[in-house]
Amino acid sequence: MNNESFQVITPNHADYRNLVRGLTKEIWPEFMLHDAVANELWHELLDRFAEYQLALYDTQNNRAAGMANSFPLRWDTPLENLPEGGWDWVFRKAVQNDKQGLSPNIHCAIQIILRPDYQGQGLAAPMVEAVRAVTKSKGLRSLIIPIRPSDKHKYPLTRLDDYITWRTRQGLPFDPWLKVHMRAGGKIIKVCHESKTIRGTRAEWEKWTAMKFPQSGQYIIDGALNPMEMNLEKDEGVYIEPNVWIVHEVG
Amino acid sequence: MTPDRFQVIHPKDLKDYRDRAGDIGEASWPEFMMHDSIANEHWHELFDRFSEYQFALLDTETNRMATMGNSLPFRWDEVISALPEGGWDWVFVKAMEDHKNKVTPNIQSAIQIAIHPDYQSQGLSIRMVQAMREIGQSKGFKYLVAPVRPNQKSKYPLISIDDYIQWTNEEGLPFDAWLRVHARTGAKIIKPCHEAMIIRGTRAEWEQWTGMKFPQSDVYIIPGALNPMQMNVEADEGVYVEPNVWLVHQIEE
């Protein structure tokens, strides 16, 4: 990365909102934009935790190359106890803690993304570094992340518990995104099997995926980490996304 | 597209017919589909024994081969509904054996209609089915059968093919585009053949064919495959069993 041309900015930057607009939609498969917790609470990131939101600003092209969203929360028991609920759970918990005025002691990132045309250029590591710097500057002891392993969607029938044990010849995680975090000093805690739950009617899923669901059963969805379960009698398809709790001990 | 832009040709009409036909196959199928052992061992027999059952559409404007069709004759004295689960692999071997044993054939089976990606969605598939039927007609056969690969099944690898072939669109035609082409030209679905092709490879071969990794024994979703593939790391063998659908076209009333 040419450090001269990329700058980490926060919502204090006058153009922040414009620069990151539409970025999420560019990255995720459509169905991933229909997590109920995300849709209900997303605005809280800027309302409550503005100084924890970052973008990587490409100054030469006046674009956001990527974005990182995080917040602080209170966690007093060992990290091994972090719950199965992963992403959905942690977002609710952070908002709740903030509402109660509970002083936070831990940092959690819920999204670190790069636009497709900025991927494969070594920008992921500096993005992770920028998030770790926030943990440090806020005096929090650890950065935790319910990670979405970036290649798991190619292996939707393999259990995530098995998948995270796959290694390259160098002994690093097989998954590219897990690899970035391990190289940056992260450690795998465990799988959170119900990190996000995405529900939709049959018609919604057909729109989101451009597929058809003529019968109840399990379906492979492009970009999904596990199969989706469609129940026509209830007119409901449910996708439960597993993620991986990882920790960066920063403090 | 002018009606006579595409001309039906046979292997005897073009010196490099087999090479050019091979290119269409490679452009049309996922790599792993090129490793069916029956196909690889016996493909040349199509040209050695059944040359007049092989044909292609030549684009006369560009002199490119746009499509290819392969079929063969065999002997079938039972009812059509008794055709076996072995589908594609079975019918290929059966036709060769019949020919070797000088058994007079009485039925035709299609084994491939491939359309070069550059020529898809131009209505050539219906032309190909018609050209295939005309061969059977010229031989005086009553039926053309086909173990058909429903292409879009690859998006639904967890649905049983028995269920999948019952899916229909709003017009009541088959959901699957290939099954629809056949239905529009008068074909009837007989039944699935669950073991139409069997593709075996070592772990290294499957990794090369798919660009994936298979670190553990498991079932894997392979792009372009109609069902999951089963990898057994201990036996160093991945097995993919491809289901197809037996269809029948009645050639003569």
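Throughout, a residue's number is its position along its own chain's written sequence, starting from 1. Each chain takes a letter, starting from A, and each ligand takes a number, starting from 1, following the order in which they are written. For this predicted model, a pLDDT threshold of at least 70 governs which residues receive local features, and a threshold of 80 or more governs which side-chain atom pairs are given and counted, while totals over whole chains, interfaces and linings are taken from all residues.

Caption draft 1: Expanded view of the overall build of chain B. Every helix listed is a DSSP run of H or I at least four residues long, and every strand listed is a run of E at least two residues long, numbered separately from the N terminus. What chain B contains, in helices and strands, is seven helices and nine strands. Computed over its C-alpha atoms, the radius of gyration of chain B comes to 18 Å, within 12% of the 18 Å expected for a compact globule of 253 residues. Counting only C-alpha atoms and orienting by the principal axes, one finds that chain B spans roughly 50 × 45 × 40 Å. Partly exposed residues are those falling between the two cut-offs: more than 12 but fewer than 20 other C-beta atoms within 10 Å of their own, whereas 20 or more means buried and 12 or fewer means exposed, with C-beta atoms placed from the backbone. The buried share among the 253 residues of chain B stands at 39%. Any two residues are considered in contact once their C-beta atoms, placed from the backbone, lie within 7 Å. Contacts in chain B between residues at least 24 apart in sequence constitute 73% of all its contacts with a sequence separation of at least 6. Every radius of gyration here is taken over C-alpha atoms, with the globule rule written as 2.2 Å times N^0.38, N being the number of residues.

Caption draft 2: Seen up close, the overall build of chain A. Per the secondary structure count, chain A includes nine helices and nine strands. Relative to a compact globule of 251 residues, whose C-alpha radius of gyration would be 18 Å, chain A shows 18 Å and is just as compact. The principal-axis extents of the C-alpha atoms in chain A amount to approximately 55 × 45 × 45 Å. Expressed as a percentage of its 251 residues, the buried residues of chain A come to 39%. In chain A, of all internal contacts separated by at least 6 residues, the share reaching a separation of at least 24 is 74%.

Caption draft 3: Up close: the environment of Leu58 of chain B. All names here are of chain B. Looking at the element boundaries, Leu58 is found in strand 2 (residues 54-59). Residues Leu58 and Ser28, 30 residues apart in the sequence, show an inter-C-alpha distance of 16 Å. When neighbours within four sequence positions are excluded, Leu58 is seen to be in contact with Phe6, Gln7, Ile9 and Met65.

Caption draft 4: Focus on the interface of chain A and chain B. If you look at the interface, chain A gives 17 residues, while chain B gives 17 residues. The leading source of residues in the side of chain A that touches chain B is strand 7 (residues 217-219) of chain A, at three residues. Residue polarity follows a fixed list, in which Ala, Val, Leu, Ile, Met, Phe, Trp, Tyr, Cys and Pro are nonpolar, Asp, Glu, Lys and Arg are charged, and the others, Gly among them, are polar. When the residues that make up the side of chain A that touches chain B are grouped by side-chain class, the tally is ten nonpolar, four polar and three charged.

Caption draft 5: Up close: the packing of helix 4 (residues 124-138) of chain B against helix 6 (residues 177-184) of chain B. Residues and elements named next belong to chain B. With axes taken as lines fitted to C-alpha atoms, and helix axes fitted only over the stretch in contact, angles between N-to-C directions fall between 0 and 180 degrees. One way to put it is that helix 4 packs onto helix 6 with a least axis distance of 10 Å and a crossing angle of 50 degrees. Overall, the two elements helix 4 and helix 6 adopt an arrangement that is oblique. In this structure, helix 4 crosses over helix 6, and the sense of that crossing is right-handed. Contacts between helix 4 and helix 6 pair Ser125, Ile126 and Val129 from the former with Val181, His182 and Arg184 from the latter. Residues of the contact of helix 4 with helix 6, tallied by class, amount to three nonpolar, two polar and one charged. Roughly parallel refers to an angle under 35 degrees, roughly antiparallel to one over 145, roughly perpendicular to one between 65 and 115, and oblique to any angle outside these ranges. The hand of a helix crossing depends on one turn: near helix anticlockwise from the far one by less than a right angle means left-handed, and clockwise means right-handed.

Caption draft 6: Quick look at unusual backbone geometry. Of note in this structure, Asp235 of chain A is not a glycine but carries a positive phi near 50 degrees. C-beta crowding within 10 Å serves as the criterion here: with 12 such atoms nearby, Asp235 of chain A is assigned to the exposed category.

Caption draft 7: Up close: the pairing of strand 5 (residues 143-148) of chain B. Residues and elements named next belong to chain B. For strand 5, the tally of buried residues reaches five of six residues, placing the bulk of the element in the interior. Criterion used throughout: strands pair if DSSP finds at least two bridges between them. Where strand 4 (residues 107-115) meets strand 5, two bridges bridge the pair, whose relative direction is parallel. Looking across to strand 5, one finds that Ser109 is bridged to Val145. Seen with the strands pointing away from the viewer, any crossover whose path from the first strand over the helix to the second strand runs clockwise is right-handed. This β-α-β element, strand 4 to helix 4 to strand 5, shows right-handed connectivity. Where strand 5 lies against strand 9 (residues 237-250), six bridges are found, and the strand directions are antiparallel. When the sheet's bridge partners are listed, Tyr143 is paired in strand 9 with Gln250.

Caption draft 8: Here's a closer look at the nonpolar core. Residue and element names in this part refer to chain A. The biggest cluster of nonpolar side chains holds 131 residues, and the ones touching the most others in it are Ala55, Cys108 and Val131. Ranked by residue count, the leading element in this core is strand 4 (residues 106-114), at seven residues. Beyond its immediate stretch of four places on either side in the chain, Ala55 contacts Ile9, Tyr16, Leu19, Val20, Ala64, Gly66 and Met67. Throughout this description, the term nonpolar core refers to a group of buried Ala, Val, Leu, Ile, Met, Phe, Trp, Tyr and Cys residues whose C-beta atoms join them within 7 Å.

Caption draft 9: Representation of helix 2 (residues 37-49) of chain B within the structure. The span one expects for a helix is its residue count, reduced by one, times 1.5 Å. A rise of 1.5 Å per residue sets the reference length of helix 2 of chain B, with its 13 residues, at 18 Å; its end C-alpha atoms lie 19 Å apart and thus fit the reference within 8%. Axes are fitted to the seven residues ending at a residue and to the seven starting at it; the angle between these axes is taken as the bend at that residue. Maximum bend of helix 2 of chain B: about 40 degrees, positioned at Trp43 of chain B.

Caption draft 10: Looking closely at helix 1 (residues 17-28) of chain B. Residues and elements named next belong to chain B. Compared with an ideal rise of 1.5 Å per residue, which puts twelve residues at 16 Å, helix 1 spans 17 Å between its outermost C-alpha atoms and is within 8% of the ideal. Listed in full, the buried residues belonging to helix 1 are Tyr17, Ala21 and Ile24. For helix 1, the arc enclosing every buried residue in end-on projection is 50 degrees, short of the 170-degree limit, so these residues lie on one face. With respect to the buried face of helix 1, the exposed residues turned more than 90 degrees away are Asp19, Glu26 and Ala27. Relevant arc is that of directions from the helix axis to the C-beta atoms, nothing else.

Caption draft 11: Highlighting the packing of helix 2 of chain B against helix 3 (residues 87-100) of chain B. Residue and element names in this part refer to chain B. For the pair helix 2 and helix 3, the least separation of the axes is 11 Å and the interaxial angle reads 45 degrees. Taken together, helix 2 and helix 3 sit at an angle that is classed as oblique. Two packed elements cross with a definite hand, and for helix 2 against helix 3 that hand is left-handed. Every residue of helix 3 that contacts helix 2 at Ile38, His42, Glu45 and Arg49 is listed here: Asp89, Phe92, Val93, Met96 and His99. Within the contact of helix 2 with helix 3, the residues separate by chemical class into four nonpolar, two polar and three charged.

Caption draft 12: Region of interest: the environment of Trp177 of chain A. Residue and element names in this part refer to chain A. As for its position among the elements, Trp177 is in helix 8 (residues 176-183). For the pair Trp177 and Asn97, spaced 80 residues apart in the sequence, the C-alpha separation amounts to 29 Å. The contact partners of Trp177, leaving out residues within four places of it in the chain, are Ile147, Pro149 and Ser150.

Caption draft 13: Representation of the confidence of the model for chain B in the model. pLDDT gives the predictor's per-residue confidence on a scale running from 0 to 100. Here chain B averages 95 in pLDDT, and 98% of its residues register 70 or above. Among the prediction metrics, the complex's ipTM stands at 0.91, with pTM recorded as 0.92.

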